Amino acid sequence: LKEVLDELLGFGPIEPLLQDDSLTEVMVNGPDQVYIEREGRLIRTKVRFLEDDHIVRIIKKIIQPLRRSIDRKWPMVDARLPDGSRVNAIIPPCSIDGPSITIRKFSREKLTVQDLIRFGSLTDQMAQFLKACVVSRLNIVISGGTGSGKTTLLNVLSGYIPDEDRIVTIEDAAELQLSQTHVVRLETKHAAIGDDQAVKIRDLVINSLRMRPDRIVVGECRGGEALDMLQAMNTGHDGSLTTVHANSPRDSISRLETLVLMAGMDLPVAMIRRQLASAVQMIVQVARMRDGSRRVVNVTEVQGMEGDTVVLQDVFVFEELGEEGGRIQGQVKPTGIRPSFMPQLISHGFNLPASVFMDGTSSFGCLLYT
């Protein structure tokens, strides 16, 4: 009876998985291959579909309320579930072995900074410092690989924005859960059936500049919108936040350079780097470790230009110490260097003690759910 109800009212065989809050990912590779991610580890389940057409029916049920379509003419689609979970689906001929669904589950409960400290993803010193940076209107880029917890951290840091600020959020799929009252949420629009035109993140970033925002929060920069984001940061919209895919703070600078070039403007690389060094003040690097845990591994200040090189200086660094019980053990160490933007923090009432930058001896093994 439950299977029949799930088929009629829910999303078929995967409905029980979507209701399980301990899961962070659901992956359908075919009728007989359904995987989940729990605590950072992939597990094959006993869930089965009847056939390939059964999977296609579930895909169409997911995308129908969003007025999206999927067929042989365009065999892939991005969508989201009613709870905000991100969905990607692809069918033959592009998916050789049959239809595939990948669902990044949306957490029902908004994680707080105390949750991240409890998981061991960051320390009290880091949390104090990051709060001061957000309130003091520093432009911050959160960098990391896929599934490393960028959006989760962005959500937490956005919670530090003062309630009196007007916030405009821009996302591919609406995931941010801000508690502030003055928030305008924007989401991209994919081209629907017919001749409807798509609305991309870059279009929304340009439009947001006309909406009198105090803060612009972009879920992810992955194209030419990086140029418009940097220009916004440089023209009075300080305190903006975004994420980017990169494996280190240095790589994130190179990645942003590449994204700016994707805007189609014939800009010299030296000019792009000067824009970057002027706009971005801090990079927070998150990583998914080999045990499945997610950690903040670098908090790095962008100090400016030296010749043709963007100068970076770590404020906090994660040092791995080994493994114990299958979990990576490590230590967050402040480098002992106070960032050059300290006067800006002090002017906003954050006179952080020297211990924040000197004492980082807490060892931990951690987990951050995304």
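Look up: the structure comes first, before these words.
Residues numbered from 1 in each chain as written. Predicted model: local features only at pLDDT ≥ 70, side-chain atom pairs only at ≥ 80, totals over all residues. Heavy atoms only, no water.

A. Examining the overall build of the chain more closely. Scanning the chain for helices and strands turns up 12 helices and 16 strands. Here the chain, with 370 residues, has 54% of them falling under the buried criterion. Only carbon and sulfur atoms are counted for the fraction: they give 51% of the accessible area of the chain, which is about 17100 Å². The averaged location of the 48 negative side-chain charges in the chain is 2 Å from the averaged location of its 43 positive side-chain charges. (Helix = DSSP H or I, 4+ residues; strand = E, 2+ residues; numbered from the N terminus. Buried < 20%, exposed > 50% of the residue type's maximum accessible area, 1.4 Å probe, protein only. Areas by Shrake-Rupley, 256 points an atom, 1.4 Å probe, with all protein chains shown as cover. Lys, Arg positive; Asp, Glu negative; His and termini not counted. Charge placed at Lys NZ, Arg CZ, Asp CG, Glu CD.)

B. Main features of unusual backbone geometry. Cis geometry is found at the peptide bond from P92 to P93, where omega equals 10°. One can find P93 in the loop between β5 (86-90) and β6 (100-104). With phi around 65°, R137 is a residue other than glycine that occupies positive phi space. By the element assignment, R137 lies in the loop between α5 (124-135) and β7 (140-144). Despite not being glycine, R212 has its phi angle at roughly 55°, a positive value. Position of R212 relative to the elements: it lies in the loop between α7 (201-208) and β10 (215-218).

C. View of the packing of helix α9 (residues 249-261) against helix α10 (residues 269-279). At a closest axis distance of 10 Å, the pairing of α9 and α10 adopts a crossing angle of 120°. Taken together, the axes of α9 and α10 lie oblique to each other. Seen along the crossing, α9 lies across α10 with a hand that is right-handed. For the pair α9 and α10, contact is made by I253, L256, E257, V260 and L261 and by V269, I272, R273 and L276, respectively. Split into classes, the residues belonging to the contact of α9 with α10 amount to seven nonpolar, no polar and two charged. (Axes fitted to C-alpha atoms, helices over the stretch in contact; angles between N-to-C directions. Parallel < 35°, antiparallel > 145°, perpendicular 65-115°, else oblique. Left-handed = near helix turned anticlockwise from the far one by under 90°. Contact = heavy atoms within 4.5 Å. Nonpolar A, V, L, I, M, F, W, Y, C, P; charged D, E, K, R; others polar.)

D. Layout of the sheet that holds strand β2 (residues 33-38). Across the sheet, which stays open at both edges, the six strands sit in the order β3-β2-β1-β6-β5-β4 with antiparallel pairing between neighbours. What marks the edges here is a single partner per strand, and that holds for β3 (41-44) and β4 (76-80). Between one strand axis and the next, the sheet turns through 15° on average, direction left out of account. Two strands pair when backbone bridges link them, and β5 and β6 are joined in this way by five bridges, in the antiparallel orientation. Looking at the pairing, R86 lines up with R104 of β6. (Pairing = 2+ DSSP bridges.)

E. Region of the structure containing α10. Considered for burial, the residues of α10 that qualify are I272, L276, A277 and A279. For α10, the elements touching its buried residues are α8 (225-234), α9, β13 (294-306) and β14 (309-324).

F. Representation of the nonpolar core. Ranked by size, the top nonpolar core spans 48 residues in total, and within it L122, F129, L153, M282, V284, V299 and L345 carry the most contacts. When residues of this core are assigned to their parent elements, the largest contribution, eight residues, is made by α5. Contacts of V284, omitting those with residues within four sequence positions, involve L130, I140, V141, I142, S143, L153, V296, N298 and V299. Within the second largest apolar cluster, 32 residues are counted, among which are V168, A226, A279 and V302. (Core = buried A, V, L, I, M, F, W, Y, C linked by side-chain atoms within 4.5 Å.)

G. Broad picture of the packing of α8 against α9. Between α8 and α9, the least distance of the axes is 6 Å, while the angle of their chain directions is 110°. Regarding the angle of α8 to α9, the classification is roughly perpendicular. Residue-level inspection shows A226, L227 and L230 of α8 in contact with α9, the latter providing L256, L259 and V260. When its residues are assigned to classes, the contact of α8 with α9 shows six nonpolar, no polar and no charged.

H. Inspection of the pairing of strand β12 (residues 282-288) at higher detail. Among the seven residues that make up β12, six are buried, leaving the element largely enclosed by the rest of the structure. Two strands pair when backbone bridges link them, and β7 and β12 are joined in this way by four bridges, in the parallel orientation. Across the sheet, I142 pairs through a bridge with V284, a residue of β12. Where β12 and β13 come together, seven bridges link them in antiparallel fashion. Bridge pairing in β13 links I283 to T300.

I. Representation of the pairing of β10 within the structure. On β10, burial covers both faces: R215 and V217 on one face and I216 and V218 on the other are all buried. In the sheet, strand β8 (residues 167-171) pairs with β10 via four bridges, with the strands oriented parallel. Of the residues in β10, the one forming a bridge with I167 is R215. In terms of handedness, the path from β10 via α8 over to strand β11 (residues 241-245) forms a crossover that is right-handed. (Right-handed = clockwise from strand over helix to strand, strands pointing away.)

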